[in-house]
Amino acid sequence: MTTPTTLPHLVIFTADSMDALTAAPRRVLGSQSKVIPPSAVLPSVLPARTFGFHVLTTAEDVLTLLLSVSPAVLVVEHEGGEDGARKQVKEVIGRLRALGAPIGKRAFVVLWSSRASVDARERSYWSRKGVNMVTDYFPALYSILTSIHAQRATRSIFDTKSSSSPTRGGRPGSRISKHTPGVDGDAEYSCPYCGLEFTISKLRVHVPLYHTQEPGGTVCSVCKESVAGLPKHLDKAHGDGTEGGSAGVLRRKPVNHRQPVFALVVCRRPSDGRFLMVDEVSSQGWWLPGGGVEVGEDLVSAAERETLEEAGVVVLIKGILRMEYTPSEYGFRIRVIFYAEPAPESNPSPTRSAEALFQAVPQLPAFMITIPSPPKHVPDVHSAGACWVALEHFGEHLPLRGREPLIWFPYVAKGGAIWPLNVLGMERDDVVFVPGTGAPGAGFGVGFSVYAEGANRNNRDKRSSGMSQRQIKGGRNGGKERNEENEEEDDRGVEDEEEDEERDYRYAAIDGNGDDGDND
C-alpha cells in the first residue's frame, strides 16, 4: 500500500496468532472481557489520512520497513503464550532502539498485552527493553495515536535540507531554529533525544510522551540550561505564556518556590489486597504515588491530587500511617504518609478519550468504551504509568525508587494501626475530643495516652538519677544553660509526685521544641 510521505506510519507487528490474542481475557478491576487486537480495529477507527497502516507478522519485515519510514508508531501485539514470539518481539525492539537517533529514538513503541498491562514486573521488563507504553485499554491507545498525529514534527535536525542550520557542538537536539524573539511566535526547538523539531507547546507534549524514561541530565534547547529532568523543566519553566506573542519565546515562566512538605499515599485495593504503585519518570523505578504540597494546598488535597496525576486513580484518604519531621543543617522536611483506598466504582465512566472514540466510531463494541479505565497507562510529565501490585511480587525483578513500599505495604497487610485524619488540623480548627478505649488503634486518644505514659516512665527514670523536671525539659531544648528560675526549682526537688505526673503529661503533649506552638 502506497502512502503519502507526509503521514506518520503506523506499524502493527502481530507476534502471536490471532487465536492467542483474542483468547486472552482483559482484566480490569476484577472484570473480564475478551481482547480485540488493534490490528482488527484500528484501520476502521482512525480517520482517513492520519496514518499509513502496515500490518506485519515477521520480525525481518518490521525491521526492513522501519528503516525506510520515519517517524513511526510500532504497536506490538503479544500475549507471551507462544514459543518464539517473545524472542521475536525482543529482537525487533532491541534492534530498533539500537539504531539510535534519528530512527530508533523516533519510534513510539506500544506493547499490546492484557497480561503485561496488569503486571508491574512485566511492564518494568519491557520498559527496559525500550517499550514506551504497555496497555490493553483501547481508549488509551486511541488517545496516543491521535496525540502523536496532532503533535508530529515539521522537520528534523537530521534532514538534509536543514543541515546548514546552526548547531551547538554538533549534538542532536542542540539546533535552534532561526527566529526573532517577540516576532516569530512559531519558533521551533529540537528534542535533545531524537532531533525532531517542535514549537514549545508541542515539545512539552513530545518529550514526556516519547522520552519519559530517558535518564536525567541534558540541555534544554529552549533556554540552553542544563537540567536534571527535561519533562518537568519544560512543564514548569516553559509552560503556558512562554510561547510566542510580544513577550518573546525565550522568557521563562516564573517557577514557584518548592515547600519542603510532601504527601505520600499507600493505597490498597480491598477486593484483592493489591497496592497501587507508580512507575517514576527517568527510570527511577516504582514507588508510592505522592509528591510536593503546593502553596496554599492542604495535605489531604495534595495526596488526592498527586495520586490522580501520577496513577490516574481517584482515591479516598482513610487515615494516616505516619508523620515525619526531618531537620537538617539546610532546614527541614515534612512528610505525611496517608492510607487510602480507591473510590467506589473508581473511574466507572468513560475517559475523555473514550468518549471521543465513541463519538467517532459508534459501532465499536460497548465493552471497549464503558469498562472502567485501569490505572494510568499513558506516560506524561508526572509518571510513566501505574499498576496494582501484589505483595508477593516484591523482590522479583521489580526495581524500586525507595524502600517505603517494602515498609508500609507489609505493615498495612498485617493490620498495622492507621491513625484517624483528625490528628491533622490547622490552627483555627476546632478540637474534637476522641476518647481512648484502651484498645490498640482505637483512635487518637489511645495513641496520645500511650505516648504520654512512655514519656512519664522515661522522665521518672531521669528523676531517679537526680534530674529535675526543668533539666528534663531543658534536655529537649538542646541542653541550654539553666537560668536563675531553673536553679531555684532544682533546689525545691520533687515535692509532690502527682504534680510531677501531671507536668509529665503536659510535656509529652508539647512539640519537640519544648513550647506549645503559640510562639512564632
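Residues numbered from 1 in each chain as written. Predicted model: local features only at pLDDT ≥ 70, side-chain atom pairs only at ≥ 80, totals over all residues. Heavy atoms only, no water.

(A) Up close: the overall build of the chain. When helices and strands are counted, the chain shows 17 helices and 18 strands. The burial tally for the chain puts 46% of its 520 residues in the buried class. Split by element, the accessible area of the chain, about 26100 Å² in all, is 51% carbon and sulfur. (Helix = DSSP H or I, 4+ residues; strand = E, 2+ residues; numbered from the N terminus. Buried < 20%, exposed > 50% of the residue type's maximum accessible area, 1.4 Å probe, protein only. Areas by Shrake-Rupley, 256 points an atom, 1.4 Å probe, with all protein chains shown as cover.)

(B) Spatial organisation of the environment of L203. Checked against the element boundaries, L203 lands in helix α8 (residues 200–211). Taking relative accessible area as the criterion, L203 reaches 2% and is therefore assigned buried. Separated by 35 residues in sequence, L203 and H238 place their C-alpha atoms 9.9 Å apart. Not counting residues up to four positions away in its chain, the partners in contact with L203 are Y189, S190, C191, F198, P208, S221, V222 and L234. (Contact = heavy atoms within 4.5 Å.)

(C) Fine view of the side chain of R305. Looking at where R305 falls in the secondary structure, it is placed in helix α10 (residues 299–311). The class of R305 is buried, set by a relative accessible area of 17%. Excluding residues that lie within four positions of it along the chain, R305 makes contacts with G292, E294 and E297.

(D) Summary view of the packing of aromatic side chains. Following the criterion strictly, the structure yields 6 aromatic pairs and no others. Centroid distance F108 to Y210: 5.3 Å. Interplanar angle 70°. Geometry classified as edge-to-face. Here F108, found in strand β6 (residues 108–112), pairs with Y210, found in helix α8; they are 102 residues apart in sequence, far enough to count as distant. Summarising the burial analysis for this pair, F108 and Y210 share the class buried. (Phe/Tyr/Trp six-rings, centres within 6.5 Å; stacked < 30°, edge-to-face > 60°.)

(E) Quick peek at the sheet that holds strand β13 (residues 275–280). Read from one edge to the other, the open sheet built from 3 strands follows the order β14-β13-β18, with strand pairing classed as antiparallel. If you trace the sheet from one side to the other, it starts and ends with β14 (285–287) and β18 (385–389), each paired once. Direction aside, neighbouring strands of the sheet carry axes that sit 35° apart on average. As paired strands, β13 and β14 are joined by 3 bridges and run antiparallel to one another. Each bridged residue has a counterpart across the sheet, and for D279 the counterpart in β14 is W286. (Pairing = 2+ DSSP bridges. Axes fitted to C-alpha atoms, helices over the stretch in contact; angles between N-to-C directions.)

(F) Structural context of the pattern of salt bridges. Scanning the entire structure with this criterion turns up 18 salt bridges. Between R95 and E91 there is a salt bridge, and its shortest N-O distance comes to 3.2 Å. Of this pair, R95 and E91 are both found in helix α4 (residues 85–98), 4 residues apart, which corresponds to roughly one turn of the helix. Accessibility expressed as a relative area gives 39% for R95, which makes it partly exposed. A salt bridge links R204 to D235; the shortest N-O distance between them is 3.2 Å. (Salt bridge = Lys/Arg side-chain N within 4 Å of Asp/Glu carboxyl O.)

(G) Structural context of the packing of α8 against helix α9 (residues 230–237). Contact geometry for α8 and α9: axes closest at 9 Å, N-to-C directions at 155°. Considering the angle they form, α8 stands roughly antiparallel to α9. Note that α8 runs across α9; the crossing there is left-handed. Of the residues in α9, those in contact with L203, R204, V207 and P208 of α8 are L230, P231, L234 and D235. Counted by class, the contact of α8 with α9 contains 6 nonpolar, no polar and 2 charged residues. (Parallel < 35°, antiparallel > 145°, perpendicular 65-115°, else oblique. Left-handed = near helix turned anticlockwise from the far one by under 90°. Nonpolar A, V, L, I, M, F, W, Y, C, P; charged D, E, K, R; others polar.)

The analysis is restricted to geometry; functional conclusions fall outside its scope.
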